[in-house]
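In case you want the letters, here they are:
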Amino acid sequence: MEFKEKTILLGVTGGIAIHKSLDYASQLVKLGASVHVVMSQNATRLINPLQFQVLSRNPVLLDLFDTGDHWKPPHIDLADRADLLSIVPATANIIGKMANGIADDALSTVAISVHCPILIAPAMNGHMLHNPSVQKNINTLRKNGIRFVNPDSGDLACGYQGEGRLSSVDVILDYTKDIFSQNKELQGKNVLVTAGATREYIDPVRFITNGSSGKMGYAIAEEAAARGANVYLVSGHTTITPPNNVKIINVDTTQEMHDSVVSLFTNTDIAIMSAAPVDYRPKEYTPHKLKKTNDTLTLDLQKTPDTAYTLGKTKTNQLTVCFAAETENVLENAKEKLIRKNCDLIIANDLLAEGAGFETDTNIVSILDRADKCEQLPLLSKREVANVILDRIMKMII
Ligand SMILES: Cc1cc2nc3c(=O)[nH]c(=O)nc-3n(C[C@H](O)[C@H](O)[C@H](O)COP(=O)(O)O)c2cc1C
């Protein structure tokens with residue numbers, strides 16, 4: 001079983017999504033883990049610890065000073081036995097305490113005592129999440145090697161819409177499995193991923209862009225890193241949080257993205273081009289903000305460099321994967337691109353299909369190869385799509 005002989009400490013804090021943590025605890029037990037729950041006092045105001053005790057089949061640690069008959073303080077005893085500390089849900093408060101080494105209750109003390117990987121699944125109102133201090137704390141913990149399951153976007157319990165909802169239990173379990181996974185099949189491989197939208201400037205304040213969120217490329221980069229690859233993520237504009245363990249190169253224009261990708265390509269084993277670079281740029285850049293004088297304005301546009309085409313022409317032994325985001329004749333257009341850009345796989349998606357395309361957390365894609373094989377996938381999360389693409393690549397390189 002996945003977690004047999006693994007001791008997982010489950011930290012539970014006072015977030016409204018706390019009920020999902022019960023399901024997570026129960027799934028971990030079903031997968032064979034020995035689960036020990038540590039709750040904050042505020043968490044106990046939202047859910048009775050007895051529920052965690054029954055589901056985890058172990059006593060819940062609430063009070064640091066409740067040592068019973070044992071000589072060893074419970075936070076050290078648990079910390080020494082832990083293979084993973086997973087905090088679900090994680091409040092802004094526990095993130096802040098951990099980022100600053102504060103240990104004023106059982107959970108925060110356990111958090112600085114463990115010597116195992118730590119996984120944090122934050123959940124909070126969007127304003128709390130984007131508060132500069134909270135973001136700074138998250139970045140500090142990331143730099144310390146702590147892994148995050150980024151929150152989802154959608155309806156929040158507080159009545160708001162936006163980022164901050166606790167990720168699904170299935171996704172948190174996938175991250176948990178990744179931590180124990182021995183499957184580092186991409187170890188030693190350099191994987192180059194592009195993501196997000198570029199901008200082409202008309203004047204200092206106006207630009208041409210598109211609605212790419214970068215979510216697909218970020219998911220691919222994250223999954224490739226989880227499989228042991230050395231990942232370079234060339235990222236255009238996005239509003240999402242960068243994945244763990246990847247090297248990010250932030251770019252603005254299509255030319256910048258092109259130059260970065262071309263310079264990295266020689267040392268690349270696998271290039272996955274999921275960005276949405278803008279195809280045309282204004283021929284003339286106006287160095288001052290254009291005045292609204294005439295009723296119409298004509299822009300003369302010229303092509304930007306086609307990076308996928310350049311890689312297709314210059315590749316030696318690299319495997320290249322391109323995306324074809326289409327709105328009509330999806331498979332025909334994708335097939336034509338596969339040949340013209342000399343790539344090994346092309347991932348076709350219909351931007352107009354419900355659940356597919358730029359902003360969503362899901363995608364519906366077809367994978368086409370040079371042998372004319374076309375695999376049509378159902379509606380999947382972008383993370384699942386990323387894994388299917390990587391599985392397919394693995395079959396091609398072994
Ligand atoms: C009903 C309710 C729901 C809350 N939900 C959240 C939440 O989802 N995320 C969060 O960071 N704080 C939330 N809070 C605020 C935290 O409970 C508060 O910051 C508390 O100090 C956290 O303590 P802890 O981290 O020790 O559990 C909520 C508070 C209440 C009363």
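What this report covers is the structure whose coordinates are included nearby. Everything numeric here is computed off the predicted structure, so don't read it as measured data.

**Some details on the overall build of the protein chain**
Here is step 1: Counting its secondary structure elements, the protein chain contains 14 helices and 21 strands.
Here is step 2: For 398 residues, the compact-globule estimate of 2.2 N^0.38 gives 21 Å, and the protein chain sits close to it at 24 Å.
Here is step 3: Its C-alpha atoms put the protein chain at 80 × 55 × 35 Å along the principal axes.
Here is step 4: By the burial criterion, 50% of the 398 residues in the protein chain qualify as buried.
Here is step 5: At a minimum sequence separation of 6, the contacts of the protein chain that also span at least 24 residues come to 67%.
Here is step 6: When the accessible surface of the protein chain is summed, it comes to about 19,400 Å², and 49% of that surface belongs to carbon and sulfur atoms.

**A short note on the site of the ligand**
Here is step 1: Every one of the 13 residues lining the ligand counts as a neighbour, but Gly14, Ser40, Thr91, Ala92 and Ala123 are closest to it.
Here is step 2: At a separation of 2.9 Å, an oxygen atom of the ligand approaches a polar side-chain atom of Asn42.
Here is step 3: Computed on the free molecule, the ligand has an accessible area of 640 Å², of which 65% lies beneath the protein chains in the complex.
Here is step 4: Considering each element in turn, the shell around the ligand owes the most residues, three residues, to helix α5 (residues 92-99).
Here is step 5: When its residues are assigned to classes, the shell around the ligand shows six nonpolar, seven polar and no charged.

**Brief notes about the environment of Met257**
Here is step 1: Along the polypeptide, Met257 turns up in helix α11 (residues 254-265).
Here is step 2: Accessibility expressed as a relative area gives 3% for Met257, which makes it buried.
Here is step 3: The spacing of Met257 and Gly217 is 40 residues in sequence and 14 Å in space, taken between C-alpha atoms.
Here is step 4: For Met257, the contacting residues outside a window of four places in its chain are Thr194, Ala195, Thr198, Val234, Ser235, Gly236, Val251 and Ala275.

**Some thoughts on the sheet that holds strand β19 (residues 365-369)**
Here is step 1: If you walk across this open sheet you meet the eight strands as β12-β11-β8-β13-β16-β17-β19-β20, and the pairing is mixed. In this open sheet, the two strands that pair with only one neighbour each are β12 (247-250) and β20 (374-376). The average angle at which neighbouring strand axes cross in this sheet is 15°, direction not considered.
Here is step 2: With four bridges connecting them, strand β8 (residues 190-195) and strand β13 (residues 270-273) associate as parallel partners. Its bridge partner lying in β13, Thr194 is registered against Met273.
Here is step 3: Where helix α13 (residues 330-340) meets the sheet, its contacts fall on β16 (319-326), β17 (345-350), β19 and β20, and the angle it forms with β17 comes to roughly 155°.

**Some thoughts on the side chain of Lys215**
Here is step 1: Checked against the element boundaries, Lys215 lands in helix α10 (residues 215-226).
Here is step 2: Looking at Lys215, the relative accessible area reads 18%, which means it is buried.

**Describing the state of the cysteines**
The bond known as a disulfide is covalent and runs between the sulfur atoms of two cysteines.
Here is step 1: Following the criterion strictly, the structure yields zero disulfides and no others.
Here is step 2: As a non-bridged cysteine, Cys343 has Cys322 as the owner of its nearest cysteine sulfur, 3.6 Å distant.
Here is step 3: Taking relative accessible area as the criterion, Cys343 reaches 0% and is therefore assigned buried.
Here is step 4: No disulfide involves Cys374; its sulfur sits 14 Å from the nearest other cysteine sulfur, which is in Cys343.

**Notes on the packing of aromatic side chains**
Here is step 1: Applying the stated criterion across every chain, the model contains two aromatic pairs.
Here is step 2: Between Phe3 and Phe180, the ring centres sit 5.6 Å apart and the planes meet at 70°, which makes this aromatic pair edge-to-face. Taken together, the positions of Phe3 in the segment before β1 (7-12) and Phe180 in helix α9 (residues 169-180) put the pair 177 residues apart, joining distant regions of the chain. Exposure class is identical for Phe3 and Phe180. Each is buried.

**Focus: α5**
Here is step 1: Most of α5 is tucked away: seven of the eight residues are buried.
Here is step 2: Within the span of α5, buried status applies to Ala92, Ile94, Ile95, Gly96, Lys97, Met98 and Ala99.
Here is step 3: Its buried side turned inward, α5 meets β3 (84-90), α6 (106-113), β4 (118-122), α7 (126-129), α8 (132-143) and β5 (147-148).
Here is step 4: Gly101 sits one or two residues past α5 and shows a positive phi near 65°.

Reading the values: rules and limits
- Residues numbered from 1 in each chain as written.
- Predicted model: local features only at pLDDT ≥ 70, side-chain atom pairs only at ≥ 80, totals over all residues.
- Heavy atoms only, no water.
- Helix = DSSP H or I, 4+ residues; strand = E, 2+ residues; numbered from the N terminus.
- Rg over C-alpha atoms; globule rule 2.2 N^0.38 Å.
- Buried < 20%, exposed > 50% of the residue type's maximum accessible area, 1.4 Å probe, protein only.
- Contact = heavy atoms within 4.5 Å.
- Areas by Shrake-Rupley, 256 points an atom, 1.4 Å probe, with all protein chains shown as cover.
- Near = heavy atom within 4 Å.
- Polar contact = N/O pair within 3.5 Å; in protein donor to acceptor, adjacent residues only side chain to side chain.
- Nonpolar A, V, L, I, M, F, W, Y, C, P; charged D, E, K, R; others polar.
- Pairing = 2+ DSSP bridges.
- Axes fitted to C-alpha atoms, helices over the stretch in contact; angles between N-to-C directions.
- Disulfide = S-S within 2.5 Å.
- Phe/Tyr/Trp six-rings, centres within 6.5 Å; stacked < 30°, edge-to-face > 60°.

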